[in-house]
Amino acid sequence: CPLGTGQAFRLLPHGLTFHKPATLTIGYDSRDVNGSAPEALRIAFQTDKGYWQSPVTKKIDTTARTISVQTTHFSDWGLFQTMHLAPDRAFLNPGTHQRMQVTMIPFDDDKTDLAVPLSMLMPTKYVEKWTLQGAGTLSHRHNTGDYYAPETIPATNPVAVTVFLNKSVTIGGQVFKDIRLVSNIFVAPEGISFQVGKNEWRTFPGGANINSTQHVIAGAVGSEHIQVGWVGNATGTYPWTEGTAVAFVYVNGPFFRSHLYFKVVSGGGLRVDNQHPEWITGTFTLTNAGWYDTGSAPPLHGTTAIQGVFRVKRV
């Protein structure tokens, strides 16, 4: 379906019709509204000839994250977005830029079984303003914009570009006016980048091993290597732990850095996003990472701050 999102469902037997309309409810999650908004979602079915048609949305429940329509037949059903900021997410190297566009599929909210056309650029009268939250610069003109990433890795990742719309949607008699389309842009080179204290950023080539036991993001340059590991969901936010459940390590010969200073756990933590089909991204901070120089006698030790960001592929 044009601007289709999420899962689609085949309800059988195909062609069965009902004497009374049945209610069909489809759930959505945050990935289904990337670059869009819940109020901009609609349900469509595919006809025998392959066309997509959309009945009137009877109800939206933004707490349960469901959308409902009524139908008198079985068919193939799915969600699509009627308004979209493209790309809904992007991954940029520092110093590069991304062209963005606001598109829509025009619909009358109170008309049913409308054919779903291809998307078009949103008329400028519906675009109220663009905003940028985070580093970089944003230029825009009506339904088209350009985001320019900073020359260095920003302190906050991802940055957010938001388009505020001057357009309302009516669902089940309720009018939704404050509609915003958001695109998240992750700015970092491929690999694992980290900064110790106020030193220069360094980037190691790396990859991710996501499995059922412990997930690992690791990178290396020569004999130096850096690694973060965690257990649990592949997407989430985790504080460092006293053991290896959520851990950080950086080794450069006899010089060793860790999320532990003896038995004291560093502040900060790890944030990971594993929802993209290609990239695994995230950030990590250690407010007082332990460091140890085992090449000296006796070994020297202390604490330092470390921040990092990664954009890697699964291996």
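About the criteria used
Residues numbered from 1 in each chain as written. Predicted model: local features only at pLDDT ≥ 70, side-chain atom pairs only at ≥ 80, totals over all residues. Heavy atoms only, no water. 1 Å grid on protein atoms, 1.4 Å probe; cavity = no way out; pocket = protein on both sides within 12 Å on 5 of 7 lines; lining within 4 Å. Points joined across faces, edges and corners; volume = space filled by probe spheres on them. Helix = DSSP H or I, 4+ residues; strand = E, 2+ residues; numbered from the N terminus. Nonpolar A, V, L, I, M, F, W, Y, C, P; charged D, E, K, R; others polar. pLDDT = per-residue confidence, 0-100. Phe/Tyr/Trp six-rings, centres within 6.5 Å; stacked < 30°, edge-to-face > 60°. Buried < 20%, exposed > 50% of the residue type's maximum accessible area, 1.4 Å probe, protein only.

Caption draft 1: Structural detail: the layout of surface pockets. Counted as a void, the largest pocket has a volume near 380 Å³. When residues of the lining of the largest pocket are traced back to their parent elements, those giving at least two are strand S9 (89-92), strand S19 (180-187), strand S25 (236-239) and strand S30 (268-273). Among the residues making up the lining of the largest pocket, the classes are represented as seven nonpolar, nine polar and five charged. Contributing to the lining of the second largest pocket are 17 residues, with Arg42, Thr82, Phe107, Asp109 and Val169 lying nearest its centre. Taken together, the elements giving at least two residues each to the lining of the second largest pocket come down to strand S3 (41-46) and strand S17 (169-171). Looking at the lining of the second largest pocket, the element that brings in the most residues is S17, giving three residues. When grouped by side-chain class, the residues that make up the lining of the second largest pocket number nine nonpolar, four polar and four charged.

Caption draft 2: Representation of the confidence of the model for the protein chain. Summary statistics for the protein chain give a mean pLDDT of 94 and a share of 100% for residues scoring 70 or more. Element-level pLDDT for the protein chain is lowest in strand S11 (residues 114-115), with a mean of 84, against a maximum mean of 98 in strand S15 (residues 144-148).

Caption draft 3: Region of interest: the packing of aromatic side chains. As enumerated under the stated definition, the model contains 14 aromatic pairs in all. Ring geometry for phenylalanine 18 and phenylalanine 74: centres 5.1 Å apart, planes at 85°, overall edge-to-face. Of this pair, phenylalanine 18 sits in strand S2 (residues 17-27) while phenylalanine 74 is found in the loop between strand S6 (66-73) and strand S7 (76-81), placing the two residues 56 residues apart along the sequence. Here phenylalanine 18 falls in the partly exposed class, since its relative accessible area comes to 24%. Taking relative accessible area as the criterion, phenylalanine 74 reaches 22% and is therefore assigned partly exposed. Seen in terms of ring centroids, phenylalanine 248 and phenylalanine 284 are 5.7 Å apart; in terms of plane orientation they differ by 35°. Their pairing is tilted. Separated by 36 residues along the polypeptide, phenylalanine 248 in strand S26 (residues 246-252) and phenylalanine 284 in strand S31 (residues 279-293) bring together distant segments of the chain. Comparing phenylalanine 248 with phenylalanine 284 shows no difference in burial state: the two are buried.

Caption draft 4: Quick look at unusual backbone geometry. Between leucine 12 and proline 13 the backbone carries a cis peptide bond, its omega angle lying at 0°. Within the secondary structure, proline 13 is located in the loop between strand S1 (4-10) and S2. Here the residue pair asparagine 157 and proline 158 is connected by a cis peptide bond, since its omega of 0° sits within 30 degrees of zero. The residue proline 158 is located in the loop between S15 and strand S16 (159-165) in this model. Backbone geometry places arginine 65, a non-glycine residue, at a positive phi of 60°. Within the fold, arginine 65 resides in the loop between strand S5 (59-61) and S6. Residue arginine 65 is classed as partly exposed on the basis of its relative accessible area, which comes to 39%.

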